Amino acid sequence: MYAALHFSCESGEVAGEDYGQAELLVLEAIRRSAESAGLPDGLAPCASWPDAVPGSRLTRGLAEWVRSCPRPLVLFFDEIDALWGKSLRSVLRQLRDGFTVSPEDFKSSETVVTL
């Protein structure tokens, strides 16, 4: 069994090139979707995302969630093309870097962008 969550990155569009703000907006979208989906406390992300410097917030937050979740985590990033410039590059690079640097936390990751 998996813990799966679909969420939209669309709210991050307003951050423009401010990738630090875009990360926070994407993490907030994940939290809102987890709440809306009714994920039980044991499967949902922590009440607050860990502190991290801009450019690493998404990787750090997802790694912490993966460690605390008893099931493999599957995330569906929808509308990721709403992000652009530095914000899009930062999010995509963090996902890729999470797998490269910490394959135990990001056992399998794949990015699919549909335009």
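For the structure itself, look to the data block above.
Fair warning: this is a prediction, and the values are worked out from it, not measured in the lab.

About the thresholds
- Residues numbered from 1 in each chain as written.
- Predicted model: local features only at pLDDT ≥ 70, side-chain atom pairs only at ≥ 80, totals over all residues.
- Heavy atoms only, no water.
- Helix = DSSP H or I, 4+ residues; strand = E, 2+ residues; numbered from the N terminus.
- Contact = heavy atoms within 4.5 Å.
- Areas by Shrake-Rupley, 256 points an atom, 1.4 Å probe, with all protein chains shown as cover.
- Axes fitted to C-alpha atoms, helices over the stretch in contact; angles between N-to-C directions.
- Parallel < 35°, antiparallel > 145°, perpendicular 65-115°, else oblique.
- Nonpolar A, V, L, I, M, F, W, Y, C, P; charged D, E, K, R; others polar.
- Salt bridge = Lys/Arg side-chain N within 4 Å of Asp/Glu carboxyl O.
- Buried < 20%, exposed > 50% of the residue type's maximum accessible area, 1.4 Å probe, protein only.
- Core = buried A, V, L, I, M, F, W, Y, C linked by side-chain atoms within 4.5 Å.
- Pairing = 2+ DSSP bridges.

### Focus on the overall build of the chain
Scanning the chain from terminus to terminus reveals three helices and two strands. Each helix and strand of the chain, placed in order from N terminus to C terminus, yields the pattern β-α-α-β-α. Once local pairs closer than 6 in sequence are excluded, the contacts in the chain between residues at least 24 apart make up 66%. Surface exposure of the chain reaches about 6800 Å², of which carbon and sulfur atoms provide 53%.

### Some points on the packing of helix α1 (residues 19–37) against helix α2 (residues 57–68)
For any two helices packed against each other, the geometry is given by the interaxial angle and the distance between the axes. Two elements in contact, α1 and α2, have axes separated by 9 Å at closest approach and are oriented at 25°. The angle between α1 and α2 places the two elements in the roughly parallel class. Across from Gly20, Gln21, Glu23, Leu24, Val26, Leu27 and Ile30 in α1, the residues of α2 making contact are Arg57, Leu58, Leu62 and Trp65. Its residues assigned to classes, the contact of α1 with α2 shows seven nonpolar, two polar and two charged.

### Some remarks on the pattern of salt bridges
Following the criterion strictly, the structure yields two salt bridges and no others. Residues glutamate 64 and arginine 67 are paired through a salt bridge, measuring 2.8 Å at the closest nitrogen-oxygen approach. Separated by three residues within a single helix, glutamate 64 and arginine 67 lie in helix α2, roughly one turn from each other.

### Points about the side chain of serine 90
Here serine 90 lies in helix α3 (residues 85–101). You can call serine 90 buried: its relative accessible area is 12%. Each residue touching serine 90, except ones within four places of it in the same chain, is listed here: Tyr19, Glu23 and Gly55.

### What to know about the nonpolar core
Grouped together as the largest cluster of nonpolar side chains are 24 residues, with contacts concentrated most on Val26, Ile30, Leu39, Leu58, Trp65 and Leu83. Counting only elements with at least two residues in this core, the list comes to β1 (3–8), α1, α2 and α3. Per-element tally for this core: the top contributor is α1, with seven residues. Excluding its chain neighbours within four sequence positions, the residues that come into contact with leucine 83 are Cys9, Gly12, Glu13, Ala22, Val26, Leu88 and Val91.

### Considering the pairing of β1
A one-sided burial pattern is seen for β1, the buried positions being Ala3, Leu5 and Phe7 and the unburied ones Ala4, His6 and Ser8. Alignment of β1 against strand β2 (residues 73–78), held across six bridges, turns out to be parallel. The residue bridging serine 8 from the neighbouring strand is aspartate 78, located in β2.

Such coordinate-based values are descriptive only and should not be taken to indicate function.
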